[in-house]
Amino acid sequence: MYPLSFKDYDGYSKLYSIGYFTNKDKEPVMFFIDEIFDFNLLVQKCFDSLLVNKYNNYIFYIHNFSNFDVLFLYNIFNNINMKLGYEHYKIKNTMRDQDIIKLDLYKSINNKEDEDKSTKTQYFKISLRDSRDFLKNSLDYLTKELNVSNKKGIFPHTVERL
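About the criteria used
Residues numbered from 1 in each chain as written. Predicted model: local features only at pLDDT ≥ 70, side-chain atom pairs only at ≥ 80, totals over all residues. Heavy atoms only, no water. Helix = DSSP H or I, 4+ residues; strand = E, 2+ residues; numbered from the N terminus. Buried < 20%, exposed > 50% of the residue type's maximum accessible area, 1.4 Å probe, protein only. Contact = heavy atoms within 4.5 Å. Areas by Shrake-Rupley, 256 points an atom, 1.4 Å probe, with all protein chains shown as cover. Salt bridge = Lys/Arg side-chain N within 4 Å of Asp/Glu carboxyl O. Phe/Tyr/Trp six-rings, centres within 6.5 Å; stacked < 30°, edge-to-face > 60°. Lys NZ or Arg CZ within 6 Å of the ring centre and 35° of its normal. Axes fitted to C-alpha atoms, helices over the stretch in contact; angles between N-to-C directions. Parallel < 35°, antiparallel > 145°, perpendicular 65-115°, else oblique. Nonpolar A, V, L, I, M, F, W, Y, C, P; charged D, E, K, R; others polar. Pairing = 2+ DSSP bridges. Core = buried A, V, L, I, M, F, W, Y, C linked by side-chain atoms within 4.5 Å. Patch = residues over 30% accessible without salt bridge, like charges linked within 9 Å, V, L, I, M, F, W, Y side chains within 5 Å.

Draft legend 1. How the structure looks around the overall build of the protein chain. Counting its regular elements, the protein chain contains 3 helices and 7 strands. Listed by position from the N terminus, the elements making up the protein chain come as β-β-β-α-β-α-β-β-β-α. By the burial criterion, 35% of the 162 residues in the protein chain qualify as buried. Counted over contacts in the protein chain with a minimum sequence separation of 6, partners at least 24 positions apart contribute 54%. Summed over all atoms, the accessible surface of the protein chain reaches about 10600 Å², with 51% contributed by carbon and sulfur.

Draft legend 2. View of the pattern of salt bridges. One pass over the full model with this rule turns up 3 salt bridges. As a salt-bridge pair, lysine 54 and aspartate 25 come within 3.0 Å of each other at their nearest N and O atoms. Here lysine 54, found in the loop between helix H1 (39-50) and strand S4 (58-62), pairs with aspartate 25, found in the loop between strand S2 (13-20) and strand S3 (29-32); they are 29 residues apart in sequence, far enough to count as distant. The partly exposed category is assigned to lysine 54, whose relative accessible area is 36%. Accessibility expressed as a relative area gives 12% for aspartate 25, which makes it buried. Notably, a salt bridge pairs aspartate 48 with lysine 107, separated by 3.5 Å at the nearest N-O pair. In this pair, aspartate 48 sits in helix H1 while lysine 107 sits in strand S6 (residues 99-108), placing the two residues 59 residues apart along the sequence. As far as the burial class goes, aspartate 48 and lysine 107 line up, both buried.

Draft legend 3. Quick look at the packing of aromatic side chains. Evaluated as defined, the whole model comprises 8 aromatic pairs. Centroid distance phenylalanine 77 to tyrosine 89: 5.2 Å. Interplanar angle 55°. Geometry classified as tilted. Taken together, the positions of phenylalanine 77 in helix H2 (residues 69-84) and tyrosine 89 in strand S5 (residues 89-96) put the pair 12 residues apart, joining distant regions of the chain. Within the aromatic cluster, the residues linked to one another by ring pairs are Tyr20, Tyr55, Tyr58 and Phe60. For the cation-ring pair, lysine 90 lies above tyrosine 106, with the distance from its terminal atom to the ring centre recorded as 5.9 Å.

Draft legend 4. Structural view of the packing of H1 against H2. Put simply, H1 and H2 touch, their axes get as near as 10 Å, and they point 95° apart. By the angle class used here, H1 and H2 are roughly perpendicular. Mapping the contact onto sequence places Asn40, Val43, Gln44 and Phe47 in H1 and Leu73, Ile76, Phe77, Asn79, Ile80 and Leu84 in H2. Classifying every residue of the contact of H1 with H2 gives 7 nonpolar, 3 polar and no charged.

Draft legend 5. A look at the pairing of S5. With 8 bridges connecting them, S5 and S6 associate as antiparallel partners. Counted as the bridge partner of asparagine 93 is leucine 103 from S6. In this structure, the hairpin formed by S5 and S6 is closed by a connection of 2 residues, where aspartate 97 is found at a positive phi of approximately 55°.

Draft legend 6. Broad picture of the environment of methionine 95. Looking at where methionine 95 falls in the secondary structure, it is placed in strand S5. Sequence separation of methionine 95 and serine 66 is 29 residues, and the distance between their C-alpha atoms is 9.7 Å. In this structure methionine 95 touches Ile100 and Ile101, once residues within four positions along its chain are discounted.

Draft legend 7. Representation of the nonpolar core in the model. With 28 residues, the main nonpolar core has Ile18, Phe47, Leu73, Phe77, Ile126 and Leu128 as its most contacted residues. At the level of secondary structure, the elements contributing two or more residues to this core comprise S2, H1, S4, H2, S5, S6 and strand S7 (123-130).

Draft legend 8. Spotlight on a nonpolar patch on the surface. Taken together, the side chains of Ile59, Tyr61, Phe134 and Leu135 define a hydrophobic patch exposed on the protein surface, amounting to about 370 Å² of accessible area. Topologically, tyrosine 61 is positioned in strand S4. Taking relative accessible area as the criterion, tyrosine 61 reaches 36% and is therefore assigned partly exposed.

By themselves, these figures tell us nothing about what the structure is for.
Listed below in structure tokens is the structure:
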């Protein structure tokens, strides 16, 4: 999982790219801010592409997830739910001390309009975990140590005024 952000002029972090790569895909699947200008919709488009039968019950690892990305994504999922007026995403977290170490994300298979009391709602589910639980070094260091050809690179995470 690759959520990438930068700090904008207003001092807040903004998402500019998000994507993923699995053993079921030949190439990474990426979404960029130049395609969708609403950060919530960018995340929704990415996670809706994950919450399908193909990836049901998959675990996705995000490096340094519990220190940054979890709160960022958690807020976006809640914002999407509030904007839609129903629980599009069902969120369950697992805590260790004060940190969220695992986030289970569910999306109803049934359409909101199809749901009623007589039908049991079924969900697709994915889990998000922090890869730093077992890979303690930076991604830059890990790519060098593991001799990975596709390196993260350096991105200027703050925007400077011209």
